[in-house]
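# Observations on the model geometry
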Amino acid sequence: MNIIPFPEREQWPALLARPVLEAKDIEARVMPVLEQVKNEGDAGIKALALKFDKLELTELAFSEKAIAEAGDKLDDALKAAIGQAYENVYKFHKGQLQAPEKVETMPGVTCWRKSVGIEKVGIYIPGGSAPLFSTVLMLGIPAQIAGCKEIVLCTPSDHPAILYAAKLVGVTKAFRIGGAQAIAAMAYGTESVPKVYKIFGPGNQYVTTAKMLISKEGVAIDMPAGPSEVAIFADDTALPCFVAADLLSQAEHGADSQVLLVSTSKKLLASVNIALAEQLEALPRKELASQAMANSKAILVETEEEAIEILNQYAAEHLILSIANAEAVMEKIYNAGSIFLGNYTPESCGDYASGTNHTLPTNGYARAYSGVSVDSFVKKITVQHITEEGIRNIGPTVEAMAAAESLDAHKNAVTIRLKNLL
Ligand SMILES: NC(=O)c1ccc[n+]([C@@H]2O[C@H](COP(=O)([O-])OP(=O)(O)OC[C@H]3O[C@@H](n4cnc5c(N)ncnc54)[C@H](O)[C@@H]3O)[C@@H](O)[C@H]2O)c1
Ligand SMILES: N[C@H](CO)Cc1c[nH]c[nH+]1
Ligand SMILES: [Zn+2]
């Protein structure tokens, strides 16, 4: 990794910039894809699958038989691992569904929020360079807990583990569609793909751009969850081989992934570089990982405070704190998607099985967005009930405000009740 010693503050924005393609350039490629699906439906999707995925598809939907039999193609150890991950992710997410709290704001005036699962949701499962069946659990489990009635899945991969996980989480329809065309299919609906109300899921820059574009057309999205990234703050208590392994675990996602290492120790940075060279050699996805590493930076800072400032400015999707006082520093982090504390908390445990969700905001969006949770699949409908005592109490307040806004009909809706109290 390129070690940058003690950069000046003015240099930080350039150092922390993500290796994204020019937004306009991607939009120009994605917009015609959305148009084609909107205008040509299934036929357009098939043409795009041939163009971008070299797939000649006769059927877009995975058959019920393929889904039912997917488990037979997996070995027992993998099925047990998926079962364990399901349990942990379910347990962590189940706790997020809270019972409604009824609040009496004045005597006789009660307000609360009722949680309702979004009826029709679409989940995108990346499969361009790796079949991310773990994402089926990360999106399907909160949808299941939220009570979504229709869960539509799109993925460019036909890996049986994706279909096996789809069955576990209760996916209602699954399609072999990837990229921007999958997002368009779920947003507009086609002859075979149902239109949904909200689209979830990570993906490459085409997928993420498609989500951003369709969100301007009235379909909700979870967040921009693009190319994976990890930032690590490590001190001399960190093990260089652990740090290198964590950096590579996200670098191997794709050439456009980015990893960042920040440290107050020059010795640690040098040792991580040695470990990186060793571990990279042994990786089957060495090519992709080295391209990502070429975009990545190791920053040497004078103080812990400076490191914290850099990390908050970067707003990483994942932040690993491999430092002696990890918990204390965690309290000072206000921009990150998900935080991992200490030497024995590798980010990949969060990717698969610890319980937290791995669909997280990238590209600095962690400054304003949270990762996916049960809340993402739920709408909160407010409900209120006012009794006769309540209307007596609140009525004059509403009458006064409505009169001052010159909205007499609003005022009358209260006055007429006050005059007709039993
Ligand atoms: N942020 C998160 O929460 C999170 C989670 C998991 C994965 N990820 C990221 O998801 C991404 C997965 O990417 P992927 O590419 O492997 O799979 P993908 O499924 O996101 O994208 C593959 C699709 O991209 C389309 N495509 C490929 N080249 C194209 C081109 N030139 N023009 C238009 N469309 C094209 C194809 O249709 C293909 O099916 C990675 O970047 C990974 O880092 C992010
Ligand atoms: N690290 C990815 C989120 O950025 C999630 C993932 C799935 N499989 C492996 N990793
Ligand atoms: Zn990962």
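On a predicted model such as this, the values are computed, not experimentally measured, just so you know. (Residues numbered from 1 in each chain as written. Chains lettered and ligands numbered in written order. Predicted model: local features only at pLDDT ≥ 70, side-chain atom pairs only at ≥ 80, totals over all residues. Heavy atoms only, no water.)

Moving on: the confidence of the model for the protein chain. For any part of a model where pLDDT is low, the fine detail of the predicted coordinates should not be relied upon. Taken residue by residue, the protein chain gives an average pLDDT of 96. The fraction at 70 or more is 99%. What the predictor reports for the complex is a pTM of 0.95 with an ipTM of 0.97. (pLDDT = per-residue confidence, 0-100.)

Moving on, we come to the pattern of salt bridges. Applying the stated criterion to the full structure yields nine salt bridges. The partner of R18 in a salt bridge is E229, with the nearest N and O atoms 2.8 Å apart. Here E229 lies in strand 9 (residues 229-234) and R18 lies in the loop between helix 1 (12-16) and helix 2 (23-53), a separation of 211 residues in the sequence. Salt-bridge contacts for E217 lead to K38; the nearest nitrogen and oxygen are separated by 3.4 Å. Taken together, the residues span a long stretch of sequence, with E217 in the loop between helix 8 (205-214) and strand 8 (220-221) and K38 in helix 2 at a distance of 179 residues. Judged by its relative accessible area of 42%, E217 falls in the partly exposed class. (Salt bridge = Lys/Arg side-chain N within 4 Å of Asp/Glu carboxyl O. Helix = DSSP H or I, 4+ residues; strand = E, 2+ residues; numbered from the N terminus. Buried < 20%, exposed > 50% of the residue type's maximum accessible area, 1.4 Å probe, protein only.)

Here the focus is the sheet that holds strand 13 (residues 336-341). Here we have six strands laid out as an open sheet, ordered 1-11-10-9-12-13, and parallel in their pairing. With one partner strand each, in any of the chains shown, strand 1 (2-5) and strand 13 form the two edges of the open sheet. Recorded for the sheet is a direction-independent mean angle of 20° between the axes of neighbouring strands. Looking at chain direction, strand 1 and strand 11 (residues 297-300) are connected through four bridges and run parallel. Residue pairing across strands places N2 opposite K297, the latter belonging to strand 11. Against the sheet, helix 9 (residues 240-251) touches strand 9, strand 10 (258-263) and strand 12 (316-322), its axis set at about 165° to strand 9. (Pairing = 2+ DSSP bridges. Axes fitted to C-alpha atoms, helices over the stretch in contact; angles between N-to-C directions. Contact = heavy atoms within 4.5 Å.)

The protein atoms that coordinate the zinc ion (ligand 3) are H253 (NE2) and D351 (OD), at distances of 2.1 Å. Around the zinc ion (ligand 3) sit four donor atoms; with metal-centred angles ranging over 86 to 179°, the donor geometry is irregular. With H253 in the loop between helix 9 and strand 10 and D351 in helix 14 (residues 347-352), this pair connects stretches of sequence that are 98 residues apart. For H253, a relative accessible area of 30% gives the class partly exposed. You can call D351 buried: its relative accessible area is 10%. (Donors = N, O, S within 2.8 Å, 3.2 Å for Na, K, Ca; no water. Tetrahedral: all angles 85-135°; square planar, octahedral: opposite > 155°, others 65-115°.)

Here we take up the site of ligand 2. Lining the immediate surroundings of ligand 2 are L132, S134, S228, Q250, H253, E317, H318, E347, D351, Y352 and H358. D351 is positioned with one of its side-chain polar atoms (N or O) 2.9 Å from a nitrogen atom of ligand 2. If ligand 2 stood free it would expose 290 Å²; the protein chains cover 92% of that surface. Ranked by the residues each element gives to the shell around ligand 2, the list is headed by helix 14, at three residues. Considered class by class, the residues forming the shell around ligand 2 number two nonpolar, six polar and three charged. (Near = heavy atom within 4 Å. Polar contact = N/O pair within 3.5 Å; in protein donor to acceptor, adjacent residues only side chain to side chain. Areas by Shrake-Rupley, 256 points an atom, 1.4 Å probe, with all protein chains shown as cover. Nonpolar A, V, L, I, M, F, W, Y, C, P; charged D, E, K, R; others polar.)

Moving on: unusual backbone geometry. Phi is positive for N363, which is not a glycine, with a value near 55°. In this model, S406 sits at a positive phi of 60°, which is unusual for a non-glycine residue.

For T208, the position within the fold is in helix 8. A distance of 3.4 Å separates a polar atom in the side chain of T208 from the backbone oxygen of G203. Filtering out sequence-adjacent residues up to four positions away, T208 remains in contact with G203, P224, A225 and G226.

Locating L57 in the fold gives a position in the loop between helix 2 and helix 3 (64-69). Accessibility expressed as a relative area gives 15% for L57, which makes it buried. Counting along the chain gives eleven residues from L57 to K46, while the straight-line C-alpha distance between them is 6.1 Å.

Before going further, it helps to examine the packing of aromatic side chains. By the definition in use, this model includes four aromatic pairs. Measuring from ring centre to ring centre gives 3.8 Å for F200 and F377, while their planes differ by 10°; the resulting arrangement is stacked. Residue F200 is located in strand 7 (residues 198-200), and its partner F377 is located in the loop between helix 14 and strand 14 (378-386); the two are separated by 177 residues in the primary sequence. Under the relative-accessibility criterion, F377 is labelled buried at 0%. The aromatic ring of Y314 is capped on one face by R18, whose charged end is 3.8 Å from the ring centroid. (Phe/Tyr/Trp six-rings, centres within 6.5 Å; stacked < 30°, edge-to-face > 60°. Lys NZ or Arg CZ within 6 Å of the ring centre and 35° of its normal.)

This next bit is on the UniProt feature "active site" (unreviewed entry) in the protein chain. With numbering aligned to this structure, UniProt lists the feature "active site" (unreviewed entry) at E317 and H318. What makes E317 buried here is its relative accessible area of 4%. Beyond its immediate sequence surroundings of up to four residues, E317 is in contact with S228, E229, A336, G337, S338, H358, L360, P361 and T362. Within the secondary structure, H318 sits in strand 12. Judged by relative accessible area, which is 2%, H318 ranks as buried. Leaving out residues up to four positions away in the same chain, H318 has contacts with E229, V230, A231, Q250, S338, F340, E347, D351 and L360. Within the structure, H318 has its side chain in polar contact with the backbone oxygen of E229 (distance 2.8 Å). (UniProt positions renumbered as here; feature names shortened; annotations may be inferred.)

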